[in-house]
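Close look at the chain arrangement
Here is how the chains run, residue by residue.
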Amino acid sequence: MSANDPLRYPQQQNDLLLYRLFRIHATARPLVVRMCERDYGITRREWLVLSCLADVEGVQSSELAQRAMLDRARTSRAITRLSDKGLVRREPKPSDRREVHVYLTDEGRRVYREVFPRIAAIQRDLLAPFSEAECRQFSELIARLQASASRLNPAGAGPAPLED
């Protein structure tokens, strides 16, 4: 490895991997945010909670917060707003009314089925410069990068909640 490799030996902010990934995210995210807000009246955080819930309905808000990488308070507020909009419902567990599970409503499922393909299309557009082989390799590299980040994270700390 050469010290001339800016990815391994960053010399300035633009060489930092996390900064470069952040810039990609910050550049592409407004496409999703505008579409969600304009066409569906939901925020990006509400979309995140809705999409996580589509993967695992019937979870408690604490598990949903962990999956969405949000703190519990933000998750709870998003669930309340989504409930007010008729997109999710809370159901107490019959044997313990203090334990509440969250589900998508039919309208929530409809919104998810409409939004997800539009976000997937944005992703396809973002990856358009790459061949299929490059996309497969990129996906494998991202998985390895995630595994490396998970190893670097202190045991039991879990991922930090997403912030604004």
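Refer to the structure presented above.
If you're wondering where the values come from, they're calculated on a predicted model, not measured in any experiment. Sequence order sets the numbering: in each chain, residues are counted from 1 along the sequence as written. With pLDDT at 70 or above as the cut-off, local features in this predicted model cover only qualifying residues; side-chain atom pairs require 80 or more to be listed or tallied, and sums for whole chains, interfaces and linings still use all residues. As a rule here, side-chain values cover all heavy atoms of the structure and leave hydrogens and water aside.

1. Structural notes on the packing of helix 2 (residues 44–55) against helix 4 (residues 72–84)
Simply put, an axis is a line fit to the C-alpha atoms, just over the touching stretch for a helix, and the angle between two N-to-C directions goes from 0 to 180 degrees. Strands are runs of DSSP state E lasting at least two residues, helices are runs of H or I lasting at least four, and both sets are numbered from the N terminus onward. Between helix 2 and helix 4, the least distance of the axes is 9 Å, while the angle of their chain directions is 85 degrees. In terms of orientation, helix 2 and helix 4 fall into the roughly perpendicular class. Contacts from Arg45, Glu46, Val49 and Leu50 in helix 2 reach Arg74, Ala78, Ile79, Arg81 and Leu82 in helix 4. Grouping the amino acids of the contact of helix 2 with helix 4 by side-chain chemistry returns 5 nonpolar, no polar and 4 charged. For this classification, under 35 degrees means roughly parallel, over 145 means roughly antiparallel, 65 to 115 means roughly perpendicular, and everything else is oblique. It only takes one pair of heavy atoms within 4.5 Å for two residues to be counted as in contact. Three residue categories are used. Nonpolar comprises Ala, Val, Leu, Ile, Met, Phe, Trp, Tyr, Cys and Pro, charged comprises Asp, Glu, Lys and Arg, and polar comprises the others, including Gly.

2. Quick look at the pattern of salt bridges
Any carboxyl oxygen of Asp or Glu within 4 Å of a side-chain nitrogen of Lys or Arg constitutes a salt bridge here. Per the stated rule, a full pass over the model turns up 12 salt bridges. Across the pair Glu46 and Arg81 runs a salt bridge, and its minimum N-O distance is 2.6 Å. Here Arg81 lies in helix 4 and Glu46 lies in helix 2, a separation of 35 residues in the sequence. Ionic pairing is found between Arg110 and Glu114, a salt bridge with its closest N-O pair at 2.3 Å. Of the two residues, Arg110 and Glu114 both sit in helix 5 (residues 106–126), 4 residues apart, roughly one turn of that helix. Several salt bridges converge on common partners, so that one network encompasses Arg38, Asp39 and Arg118.

3. A few points about the side chain of His101
Examined against the element boundaries, His101 turns out to sit in strand 3 (residues 96–104). Separated by 2.6 Å, the side chain of His101 and the backbone oxygen of Gly58 make a polar contact. In contact with His101, other than residues within four places in its own chain, are Gly58, Val59, Gln60, Arg89, Arg90, Glu91 and Lys93. N or O atoms within 3.5 Å of each other form a polar contact, as long as, within protein, one can give a hydrogen and the other can take it, and as long as residues adjacent in sequence are counted only when both atoms are side-chain atoms.

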